[in-house]
Amino acid sequence: MGDTSRLCSVWLGSETGILKGVSLSRKQAFNFCNTSHLSRDQEVRALCWGDPAESELLVGSVDGTVKTFSVEKGAFTETRRCGDPADGCFVGLAALGGSALVTCAECGTLRVWREDGSSSEPAAELDAGKNVCRMRQSPVHPHKVATGGKENGLKIWDLEKPEKPVFAAKNLRDDWLDLRRPQWVRDMAFIPDSDKVVTCTGYHQVHVFDPSTPQRRPVLEVEYGEYPLTALSLPASGNAVVVGNTHGQIAVLDLRKGLVRGALKGLAGGVRALQCHPSQPLVASCGLDRFLRIHSLEDRRPQHKVYLKSRLNCVLLASRALEAEGAGATGGAGAQEVKEEDDDDDLWETMERVEETPKRKPTEEDEGIEDEELQKKSKKKRKKGKD
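All of the points below concern the structure found in this document.

Thresholds, definitions, all that
- Throughout this document, residue positions are counted from 1 along each chain, in the order its sequence is written.
- Where local features are concerned, this predicted model is filtered to residues with pLDDT of at least 70; where side-chain atom pairs are given and counted, the filter is 80 or more; whole-chain, interface and lining totals use all residues.
- Only heavy atoms go into the side-chain values, all of them from the structure, while hydrogens and water stay out.
- Helical segments are the DSSP runs of H or I of at least four residues, strand segments are the runs of E of at least two, and each set is numbered from the N terminus.
- Buried, partly exposed and exposed residues are distinguished by accessible area as a fraction of the type maximum, computed with a 1.4 Å probe on protein chains only: under 20%, between the cut-offs, and over 50%, respectively.
- The contact criterion used is simple: two residues touch if any of their non-hydrogen atoms lie within 4.5 Å.
- The accessible surface values rely on the Shrake-Rupley method and a 1.4 Å probe; as for residues, cover is taken only from the protein chains in view.
- One bridge is not enough; two strands pair if DSSP finds at least two bridges between them.
- Axis definition: a line fitted to C-alpha atoms, limited for helices to the stretch in contact. Angles are taken between N-to-C directions and run from 0 to 180 degrees.
- Residues qualify for a patch when their relative accessible area is over 30% and they have no salt bridge, like charges being joined within 9 Å and the nonpolar side chains of Val, Leu, Ile, Met, Phe, Trp and Tyr within 5 Å.
- Salt bridges are defined by distance alone: a side-chain nitrogen of Lys or Arg within 4 Å of a carboxyl oxygen of Asp or Glu.
- Each Phe, Tyr or Trp ring (for Trp, its six-membered ring) is paired with any other whose centre lies within 6.5 Å, and the angle between the two planes then decides the class: stacked below 30 degrees, edge-to-face above 60, tilted in between.
- Look at NZ for Lys and CZ for Arg. If either is within 6 Å of the ring centre and within 35 degrees of the ring normal, a charge sits over the ring.

Quick look at the overall build of the protein chain
Move 1: When helices and strands are tallied, the protein chain shows 3 helices and 29 strands.
Move 2: For the protein chain, buried positions account for 47% of its 387 residues.
Move 3: Contacts spanning at least 24 positions in sequence make up 45% of the contacts within the protein chain whose residues lie at least 6 apart.
Move 4: When the accessible surface of the protein chain is totalled, it reaches about 21,200 Å², and 47% of it is carbon and sulfur.

The structure is reproduced here in structure tokens:
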């Protein structure tokens, strides 16, 4: 399986517990799991790279285990117990130098695990509050992470000083009726080349926070659509953010002016994960419709559309270039041929067009017949009344 795993440039985690790899150049998809022991307890909820060389994947499951998958060997090499199912699912997973891990569960328990993995006790543990929806690591400063959730505002933590957060966002100002505005942080990302953090909420808002200023409220607030936003990602070009919601709508928002640059079409279900390529103008998305889609951020057109049979929770792109063309597909163990789906518009155009026949206008004869029938009915009613 090592030969097949090295071909994959996109990795996805499914509800059925299968780690899926996709080779776009060869138009092939691969399942990496033991299909005889699949269960809902193995559902993949978090994915990240285990090292800068991208030779290992860290896979977080619902049962609280974190598995290490070797891309070179094409197999799982290690399993670590990093939580309890009672704590809730993983909402974040990150590598912290060597084999040290950072995990965060829905209950708000954020843990740092030692490199050797020999101890069942975490090296550090902190409470990020209840109902956490997402934990993200800073790509520039790996020891900094951000958390947020329902009625749990954005917090930025320094894992070297975990006593209290280095930044805690303040709730939005009351509305025009002096009523409190609720909080629901669904996802966040660190904006490169700055201290700013962008978040999306379950109330279709996008906020930008700047911890370098005394202001703890958002320095920018944008609304998109009418449905809860579930995921976001930052393109390589910067100054923009890609957001997706529960109705399969994806849009690119300008972070300087707060305007919508454009929308990405084609999705048919809620978006669960987004990731922009670190160097190319591409964004990958997945969700409830079981498709992996890759769109271009330049013309916003779909580049790839792959059906993967399972509802998908997370997506991870390799930093190497995603090649659209390549050699013909070759079979391999565990491989399934993937044919990229054509647009539905082509299907409708090939179908025979059926036109309705126009209704015939009533003639004078028809009107005369109707008058006679009405007269007969009225006579019958009179007879019944006399009886």
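Re the sheet that holds strand 8 (residues 90-95)
Move 1: Strand order in the open sheet made by the 4 strands is 8-9-10-11, with antiparallel pairing throughout. The sheet is open, and its two edges are formed by strand 8 and strand 11 (124-127), each paired on a single side. Pairs of neighbouring strands in the sheet enclose a mean axial angle of 10°, with direction left out of account.
Move 2: When strand 8 meets strand 9 (residues 101-105), the two strands line up antiparallel, connected through 5 bridges. Note on strand 9: the bridge partner recorded for A94 is V102.

Quick word on the pairing of strand 4 (residues 44-49)
Move 1: Most of strand 4 is tucked away: 5 of the 6 residues are buried.
Move 2: Bridge count between strand 4 and strand 5 (residues 56-61): 5 bridges; the pairing is antiparallel. Following the sheet pairing, C48 is matched in strand 5 by L58.
Move 3: The loop that links strand 4 with its antiparallel partner strand 5 comprises 6 residues; one of these, E54, has a positive phi angle of about 60°.

Structural notes on the environment of P182
Move 1: Within the secondary structure, P182 is located in the loop between strand 15 (167-168) and strand 16 (185-190).
Move 2: Distance from P182 to L172, taken between C-alpha atoms, is 8.2 Å for residues 10 residues apart in sequence.

Describing a nonpolar patch on the surface
Move 1: Together, W176, L177 and L179 make up a nonpolar patch on the protein surface, roughly 410 Å² of accessible area in all.
Move 2: Since its relative accessible area comes to 76%, W176 is described here as exposed.

Some remarks on unusual backbone geometry
Move 1: For E151, which is not glycine, the phi dihedral falls at a positive 50°.
Move 2: Relative to the assigned elements, E151 resides in the loop between strand 13 (144-149) and strand 14 (152-158).

Quick notes on the sheet that holds strand 21 (residues 240-245)
Move 1: One open sheet holds the 4 strands; their spatial order is 20-21-22-23, and the pairing between them is antiparallel. Each edge of the open sheet is held by one strand with a lone partner, namely strand 20 (229-233) and strand 23 (260-264). Adjacent strand axes in the sheet meet at a mean angle of 25°, parallel and antiparallel pairs treated alike.
Move 2: Both strand 21 and strand 22 (residues 250-254) contribute to a ladder of 5 bridges, which runs antiparallel. Across the sheet, V241 pairs through a bridge with L253, a residue of strand 22.

Observations regarding the pattern of salt bridges
Move 1: Counted by the stated rule, this structure contains 13 salt bridges.
Move 2: The salt bridge involving R134 is made with D187; its shortest N-O contact spans 3.4 Å. A residue pair is termed long-range when its members are at least 10 positions apart, and R134 in strand 12 (residues 132-137) and D187 in strand 16 qualify at 53 residues. Summarising the burial analysis for this pair, R134 and D187 share the class buried.
Move 3: For E151, the salt bridge is made with R180, and the minimal N-O distance between the two is 2.6 Å. Residue E151 is found in the loop between strand 13 and strand 14, and its partner R180 is found in the loop between strand 15 and strand 16; the two are separated by 29 residues along the sequence.
Move 4: For E151, a relative accessible area of 42% gives the class partly exposed.
Move 5: Linked by salt bridges that have partners in common, E15, R272 and R311 make up one network.

Section: the pairing of strand 1 (residues 10-14)
Move 1: Of all 5 residues in strand 1, 5 are buried; the element is thus mostly enclosed.
Move 2: Judged by which residues are buried, strand 1 turns out to be covered on both faces: V10, L12 and S14 on one side and W11 and G13 on the other are all buried.
Move 3: As paired strands, strand 1 and strand 28 (residues 312-317) are joined by 5 bridges and run antiparallel to one another. By the bridge assignment for strand 28, G13 is matched with C314.
Move 4: The pairing of strand 1 with strand 2 (residues 19-23) spans 4 bridges and is classified as antiparallel. The partner of G13 across the bridge, within strand 2, is L19.

A closer look at the environment of G225
Move 1: Note that G225 resides in the loop between strand 19 (220-223) and strand 20.
Move 2: Spatially, the C-alpha atoms of G225 and I250 are 9.9 Å apart, while their sequence positions differ by 25 residues.

So, the packing of aromatic side chains
Move 1: Counted by the stated rule, this structure contains 8 aromatic pairs.
Move 2: Both rings, one in W11 and one in F32, keep their centres 5.5 Å apart while their planes meet at 45°; by these two values the pair is tilted. With W11 in strand 1 and F32 in strand 3 (residues 28-32), this residue pair connects regions lying 21 residues apart in the sequence. The same class applies to W11 as to F32, namely buried.
Move 3: Relative to F32, the ring of F30 has its centre 6.3 Å away and its plane inclined at 45°; by these criteria the two rings are tilted. With respect to burial, F30 and F32 carry one shared label: buried.
Move 4: Members of the aromatic cluster, joined through ring pairs, are W11, F30, F32, F69 and F76.
Move 5: K150 extends its terminal NZ or CZ atom over the ring of W184, reaching a point 4.5 Å from the ring centre.
Move 6: Stacked on the ring of F291, the Lys or Arg K305 has its end atom at 5.0 Å from the ring centre.

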